[in-house]
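# Chains, contacts and geometry: an overview
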Amino acid sequence: MTDAGQRHLEEVTGIIEEFAKRELDRVQTVAVDVKEANDHDGDPILRVTVVYEGDYKRLDPSKLLGFVRHLRPALSERGEERFPVMSYISREDYAATA
């Protein structure tokens with residue numbers, strides 16, 4: 001990845017992290033991991049993992065369902081058109097996968 005590509009990915013990660021902290025306010029967002037990938041058709045996507053601290057029962061399902069729909073305009077403003085494929089994982093479970 002080029003330096004410009006890395007900077008863009010870091011900017012995208014920051015946008016998503018800020019958005020997650022604001023939208024998922026019933027838990028604490030502790031990290032956001034963004035990886036470039038391709039979907040099953042070969043189209044470029046972003047695989048996004050939001051790592052949170054708190055009880056998963058506190059996650060608001062309506063906010064999770066609308067997360068991508070509300071996030072995409074902010075990404076598009078920065079020139080990011082790849083579709084974000086989201087996953088949410090607790091800090092404990094994330095640590096167990098490392």
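For the structure, check the block above.
Residues numbered from 1 in each chain as written. Predicted model: local features only at pLDDT ≥ 70, side-chain atom pairs only at ≥ 80, totals over all residues. Heavy atoms only, no water.

All right, on to the overall build of the protein then. The helix and strand inventory of the protein stands at three helices and three strands. Going residue by residue from the N terminus, the α and β elements of the protein occur as α-β-β-α-β-α. In terms of C-alpha radius of gyration, the protein reaches 14 Å, essentially the compact-globule figure of 13 Å for 98 residues. Each of the three principal axes of the protein carries a C-alpha extent, and together these read 35 × 30 × 25 Å. Looking at the 98 residues of the protein, the share that counts as buried comes to 31%. Within the protein, residue pairs in contact and separated by at least 24 positions form 60% of the contacts whose partners lie at least 6 positions apart. Seen as two clouds, the 14 positive and the 20 negative side-chain charges of the protein have centres 5 Å apart. (Helix = DSSP H or I, 4+ residues; strand = E, 2+ residues; numbered from the N terminus. Rg over C-alpha atoms; globule rule 2.2 N^0.38 Å. Buried < 20%, exposed > 50% of the residue type's maximum accessible area, 1.4 Å probe, protein only. Contact = heavy atoms within 4.5 Å. Lys, Arg positive; Asp, Glu negative; His and termini not counted. Charge placed at Lys NZ, Arg CZ, Asp CG, Glu CD.)

Inspection of the secondary structure puts R82 in the loop between α2 (61-77) and β3 (83-90). Take R82: its relative accessible area is 18%, and that puts it in the buried class. Only 2.9 Å separates the side chain of R82 from the side chain of E36, close enough to count as a polar contact. One polar contact links R82 to E80, side chain to side chain, over a distance of 2.7 Å. Beyond its immediate stretch of four places on either side in the chain, R82 contacts H8, E36, P44, I45 and L46. (Polar contact = N/O pair within 3.5 Å; in protein donor to acceptor, adjacent residues only side chain to side chain.)

Considering soluble globular proteins, one finds that nonpolar side chains tend to be buried as a cluster. I16, V34, V48, V50, F67 and L71 are the most contacted members of the largest nonpolar core, which has 20 residues in total. Going through the elements one at a time, α1 (3-23), β1 (28-38), β2 (44-53) and α2 are the ones with two or more residues in this core. Broken down by element, this core gets its largest block of residues, six residues, from α1. When sequence neighbours within four positions are dropped, the list of residues in contact with V50 reads A20, L24, T29, A31, V32, M86, S87, Y88 and I89. (Core = buried A, V, L, I, M, F, W, Y, C linked by side-chain atoms within 4.5 Å.)

The principal kink in α2, of about 45°, is found at F67. Taken together, the buried positions of α2 are G66, F67, V68, L71 and L75. Elements that come into contact with the buried residues of α2 comprise α1 and β3. A positive backbone phi angle near 85° is found at G79, which sits one or two residues after α2. (Bend = angle between axes of the 7 residues up to and from the residue.)

Moving on, we come to the packing of aromatic side chains. Under the defined criterion, the tally for this structure stands at two aromatic pairs. When the ring of F67 is compared with that of Y88, the centres are 6.0 Å apart and the planes differ by 85°; the resulting orientation is edge-to-face. One end of the pair, F67, is in helix α2; the other, Y88, is in strand β3, with 21 residues separating them in the sequence. In this structure F67 comes out as buried when scored by relative accessible area, which is 1%. Each member of the aromatic cluster is reached from another via a ring pair, and the members are F19, F67 and Y88. (Phe/Tyr/Trp six-rings, centres within 6.5 Å; stacked < 30°, edge-to-face > 60°.)

Just geometry here; none of it tells us what the structure is for.
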